[in-house]
Structure formats: C-alpha cells, structure tokens
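# Structural overview for review
Chain by chain, the residues run as shown.
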Amino acid sequence: MARVSVSIHNEQRSFAVTEQGISIGRALDNEIVLNDVTVSRQHAVIALRQHEAYIQDLGSRNGIFVNRLRVKESLLNDGDTIRIGPFDIHFENRAVQSVVLDDKKYFPLAADVREIQSNELPEFALDLKEFYRISKRLDNLLKVNDLLEAVMDEVLKLIPAHRGILLLRRGGELIPMIVYPPNQNDITLSSTIAHNALEGNEAVLTRDARLDFAGSDSIISANIRSAICVPLISESKSIGLIYLDSPGRDQFTEQQRDLLAALANQAAINIQRARLTEELHKQEQLLQNLERFMSPNVAKLVASYYSQHGQLWEPQELIVSVLFADVKGFSTLSENLSPREAQDLLNEYLHEMTEVIFHHSGTLDKYIGDGIMALFGAPRLSDTVESDHNALAAVQAALDMITAHQKLMARLDTRKQFEFRIGINTGPVYAGFFGTRQRLEYTVIGDTVNTAARLEAAANPNSILIGEATYQAISNIFNIQEMGELQLKGKTQRVRAYMVLGRSS
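Cut-offs and rules
Starting afresh in each chain, residues are numbered from 1 along the sequence in its written order. Where local features are concerned, this predicted model is filtered to residues with pLDDT of at least 70; where side-chain atom pairs are given and counted, the filter is 80 or more; whole-chain, interface and lining totals use all residues. Computation of side-chain values covers all heavy atoms of the structure but excludes hydrogens and water. To qualify as a helix, a DSSP run of H or I must reach at least 4 residues; to qualify as a strand, a run of E must reach at least 2; elements of each kind are numbered from the N terminus. Categorising residues by exposure relies on relative accessible area from a 1.4 Å probe, with only protein chains included: less than 20% of the type maximum marks a residue as buried, more than 50% marks it as exposed, and the intermediate range marks it as partly exposed. By definition in these notes, contact holds between two residues if any of their heavy atoms fall within 4.5 Å. Per-residue accessibility takes into account occlusion by the displayed protein chains alone, with areas from the Shrake-Rupley method and a 1.4 Å probe. Here the expected span of a helix is defined as 1.5 Å times the quantity of residues minus one. The arc refers to the directions leading from the helix axis to the C-beta atoms. Take the buried residues of types Ala, Val, Leu, Ile, Met, Phe, Trp, Tyr and Cys, join any two whose side-chain atoms come within 4.5 Å, and each joined set is a nonpolar core. One speaks of a salt bridge when a side-chain nitrogen belonging to Lys or Arg is within 4 Å of a carboxyl oxygen belonging to Asp or Glu. Across the chain, each position has a pLDDT score giving the predictor's confidence in that residue, from 0 to 100. What counts as a ring pair is set by centres within 6.5 Å for rings of Phe, Tyr and Trp (its six-membered ring), and what kind of pair is set by the plane angle: stacked under 30 degrees, edge-to-face over 60, tilted for all other angles. Counting as a charge over the ring demands two things of the Lys NZ or Arg CZ atom: a distance within 6 Å of the ring centre and an angle within 35 degrees of the ring normal. A pair of strands is labelled paired if DSSP reports no fewer than 2 bridges between them.

Secondary structure assignment for the protein yields 11 helices and 27 strands. Split into buried and exposed, the 505 residues of the protein put 49% on the buried side. Within the protein, contacts between residues separated by at least 24 positions form 63% of all contacts whose residues are at least 6 apart in sequence. As displayed, the protein has an accessible area near 24500 Å², and 48% of this comes from carbon and sulfur atoms.

Below is the structure:
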C-alpha cells in the first residue's frame, strides 16, 4: 500500500493511501490540511484505481505540480514529488511505514543457510507443470505493482506462512512493497537473517527465531517464530528479498526453502523486466512529447536528464534569442484555396521551417496559427554555451529559413505563393516546462519575447529584423543594415533595429 508524507508546521507526517482516498486542501475536513492562502479549500484528491494511485486537481486556483510539471490528473509513481502551494508532498509506493532490522527485537537462534545462484533450480523434484503455470502468470504481467502482488500470492500458496513480506532495494534502504496480512505499522525483522540473504546471496531457514521481551522466559517461549528468507537475485546482485515467518519452532522445511529460492529467482527476472519495461515506456513517451518541439538531439538530452533525476529542472532565468516568423496575408490567400489545400500548404511550410530550426538546435516553442516561435539557448543544457552563440544560431537559422522558403515557393504555382517575415531579439527570459506527462509545453516569458514579436511585425516581407543585443552579438559575422529607432506596437520606448542582409564573405 502506498503512502504520502509532508512537512506541516515543521512536523513530518505520513498518510496511507487507501481505497477511501486522501483529500487535500485548506479546509479542515480534508485528510491533509494545508493552511496556506495559495491552497484552495478543496484542492486535490489522491485515489486508488486498480492498485495504482492517481492525483486529481479539483479545480484549484493555483494548480498541482508533479515533478515540476503542472497536471490536471496524473498517475503517481514511486518517488514522485507533488507540489501544492509551498508544500512538497512525497509519494512512496510501499506496504508499511518502514521496516526495522533489529536482532534485539527479533533474532535468530540457529539457522541453515545455503548459497544460491541466479540460474539455480532446486535439487528436489519440482512439479514442472506448476512451475510453468507460475512462470506464465508472471510473464504476462507488465506492471510492477501487479507483478509483486502476484509473486506474493504464489509464494503463500506454495508455502503457507503466518506473515509474508516482499521488500525491494532502493539505494541503501529496504522498502516493503507487499505485506501479508496488510499492516500499516512498522515491521521488525531480523537484521542477521536479512543481511545473510542480501549480502551473501543465501537462502536462510531458521530452526528457531524468537522475539526478545526483556528476558522474560515465559513471553519468549510464547513468541518463538520460524522464518525463511531468500534474496531476489538479478545479474548476481540482490535487488530485494522475500521473508516468510510463522509462530513456533520448525515451521518450515529445507524443501520449502529451496522451493522459495527457485520461485524468487523467477520473480527477480520478471521484476527487473517489468521495471525496465516501465522505464523504457516512460522514456519513450517523454521523448515523443519532447520531439514535438525540440530538435532530436536536444530532446534526447532532456529525456536523459529526466530519466536520471526523475524530474525536470526548476524554471530558469536565461539569456536566449527568441525568433518569430509569420506569413504575410495567409488568411487572404486561404480565401482562394480549398480548406484541404490551405491546410496542406501551411503544413508543408511549417515542416520546412521547423526542420531548419531543429538543424540549428533550436527549440520550437509553439505554432501560432501560421506563425512560429522558436528559442535558441533554452532549455540550457550546458553552462558553457554563450548567449553570442545562441544569437548566431538564431540569425543563421533565419537566413536558412528564407532560403528554404524561396525553394518552397519555387515548387508552388503562383496562386499558392506567399511572403513571410522574421524578427529576432536576444535578452533575459523566464523559461520552464508546463503541462502533463502526456503533453508538455516548454515556453519562455518576458519583455524579450514581446520585443521579438514586435520586430517580426515591423519587418519587411522576406526579411529579418533584429534587436540591439542580437546585433551586438553577430555584427562582425553578418552584413547588417541599420534601420534606426522604431516605435514598435505596445512599446513605450523606441527600439533600435537592424536588418540582416546575409553572411559576411
């Protein structure tokens, strides 16, 4: 069972995610009460759907963010961080609050151990039909949570036990993923048993393990327990363990220990496969989203960052070059074309321009009707890239866009030909991601953006107009014509502008 944790008034609090769900908001009738003016009275809810946790925005004023992405609704994965107002809520997919490894509370008196290998089968005669049935069931499960539940279900069918726990490693911590019977309290296990299983790749069978209650012989005698513990081994490394125990002495046999070891080996293979499948699916989905508006090389770097860190970086203040391109009179042109012809023409134009932008490692911010907004220098993937380089890339892309436009016009009949114009401005912006895991938007805001749009509107047909900062960065590389100070729409102060004529020989 999953849980969420959050710091409220400097007190760390945890909440189990149950079938009843968890309501979050400022009102006192919520399970999680976040008393801040940026939090709505009924802000969000976390609910379980077929063993998976989802968070849903209940129409809040300031929204919810999962791993820095604004979402309306999102599946929660282990380790996700939910941001509501100033509060960070951490989601963990685990069965109980925590597992305590302590031989003072639970210690083995004697144990039989046997080292196992990841490809080992038990020596005793195994019902191959039953083993095949279990393997087939596990092979058909693609989601990690479903797989873990199926593993523990099969384990307890084969080896009846009073308690069963499946734990997985995360960093240096053992996380209880499945506990039978369900328990929301801390669970105490023997550190010796767990250490032997994890570090020694050993299947452990205790002949006599017991709880220690301050040396009281009568209580000790009444609480004697037997245990089996086997590691989940993948590529010769333990990724977790399965722990079974029951009251009394000699509750398990060596045959059951070996049977559990065989099943654990099969389970470990499937767990790693399911983990990899889920990770690849998330990376593929993210990469597809990113490639809609980023060049493939930039998209891969961003996807790699997300894969390593589990989230995208915080919004940044960057120095970038913003490019606007817009078709002149496309609405009038469309009046003489069928809707299909107009759509095909616009798509072909946008495709050609976007290819040029991507070729120069630009980011497609958005299409605005028949207009294009592109960024050079955002997202920033390296601190070594100077703003001059971004300006150079933007201006060279603009010149190549004009060349691509000319080639496109040469292929079209005269009734489909049109002109376009480009504006570029360089300066500070605030950049960040907006959207959901299924639909990401990367954009920038600031006066630099507004000025770039106004320069484009003031440019002559099939020409490039740039601002002062862009000019200072590229003036020694390109032939430039000064246009003087222009009164741009929406700007109180006049803006000095320059027209790019071409690259210097």
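P181 follows Y180 through a cis peptide bond whose omega is -5°. Considering the arrangement of structural elements, one finds P181 in the loop between strand 15 (173–180) and strand 16 (187–189). Of note, the bond from A378 into P379 is cis; its omega dihedral lies within 30 degrees of zero at 0°. If you trace the backbone, P379 turns up in the loop between strand 22 (371–376) and helix 9 (387–411). Phi angles above zero are rare outside glycine, and H9 is one such case at about 55°. Counting through the fold element by element, H9 comes out in the loop between strand 1 (3–8) and strand 2 (11–16). Residue H9 is classed as exposed on the basis of its relative accessible area of 70%. Even without being glycine, N462 reaches a positive phi, approximately 55°.

Turning to helix 10 (residues 447–458), a few remarks are in order. Turn by turn, an α-helix covers 3.6 residues, leaving residues three or four places apart pointing in a common direction. Between its first and last C-alpha, helix 10 extends 17 Å over 12 residues, near the 16 Å set by a 1.5 Å rise per residue. All of the buried residues along helix 10 are T448, V449, T451, A452, L455 and E456. An end-on view of helix 10 places all buried positions within 165° of arc, on one side of the element.

In this section: the nonpolar core. One finds L323, Y349, M401, I422, I424 and I464 to be the most contacted residues of the largest nonpolar core, which totals 43 residues. Counting residues per element, this core draws most heavily on helix 9, at 12 residues. Ignoring sequence-local partners within four residues, the contact set of L323 consists of I372, M373, A374, F376, A394, A398, M401, I422, G423 and I424. With 34 residues, the next largest nonpolar core counts L147, L263, A267 and I271 among its residues.

Take the pattern of salt bridges next. Following the criterion strictly, the structure yields 23 salt bridges and no others. The shortest N-O distance in the salt bridge between D88 and R83 comes to 2.9 Å. We classify D88 as partly exposed; its relative accessible area is 32%. Put simply, D344 and R340 hold a salt bridge, and the shortest N to O gap is 3.4 Å.

Attention now goes to the environment of I187. By secondary structure assignment, the location of I187 is in strand 16. You can call I187 buried: its relative accessible area is 2%. Along the backbone, I187 and V96 are 91 residues apart, and their C-alpha atoms lie at a distance of 7.5 Å. In this view, I187 contacts V96, S98, V99, V100, R163, I165 and V179; residues no more than four positions away in its chain are not counted.

This part is about the confidence of the model for the protein. Overall, the predicted model of the protein reaches an average pLDDT of 83, with 84% of residues at or above 70. The low-confidence segment residues 118–125 (pLDDT under 50) makes 12 contacts with residues lying over four places distant or belonging to another chain. Overall, residues 211–222 carries pLDDT values under 50, and its contacts beyond four positions in sequence, including any with other chains, amount to 14 contacts.

So, on to the packing of aromatic side chains. Tallied over the full model, the rule gives four aromatic pairs. On the basis of an interplanar angle of 85° and a centroid distance of 6.3 Å, the ring pair of F330 and F418 is categorised as edge-to-face. Pair noted here: F330 is in helix 7 (residues 330–334) and F418 is in the loop between helix 9 and strand 23 (419–435), with a separation of 88 residues, a long-range link. Taking the centre distance of 6.0 Å and the plane angle of 80° together, the rings of Y349 and F420 count as edge-to-face. Here Y349, found in helix 8 (residues 339–359), pairs with F420, found in strand 23; they are 71 residues apart in sequence, far enough to count as distant. In this structure, Y349 and F420 share a single accessibility class: buried. In this structure, R49 packs its charged tip against the face of Y54, placed 4.5 Å from the ring centre.

Another point: the sheet that holds strand 4 (residues 32–33). Paired through backbone hydrogen bonds, the strands of a sheet run either parallel or antiparallel to each other. If you walk across this open sheet you meet the five strands as 4-3-5-6-9, and the pairing is mixed. Each end of this open sheet is capped by a strand with a single partner; those strands are strand 4 and strand 9 (73–75). Relative to strand 4, strand 3 (residues 22–25) runs parallel, the two being bridged by two bridges. Residue I24 lies in a different strand from strand 4, and its bridge partner there is I32.

A few words on helix 8. For helix 8, with 21 residues, the first-to-last C-alpha span of 30 Å sits near the 30 Å given by 1.5 Å per residue. Residues A342, L345, L346, Y349, L350, M353, T354, V356, I357 and F358 constitute the buried set of helix 8. Among the residues trailing helix 8, S361 stands out with phi positive, at a value near 60°.

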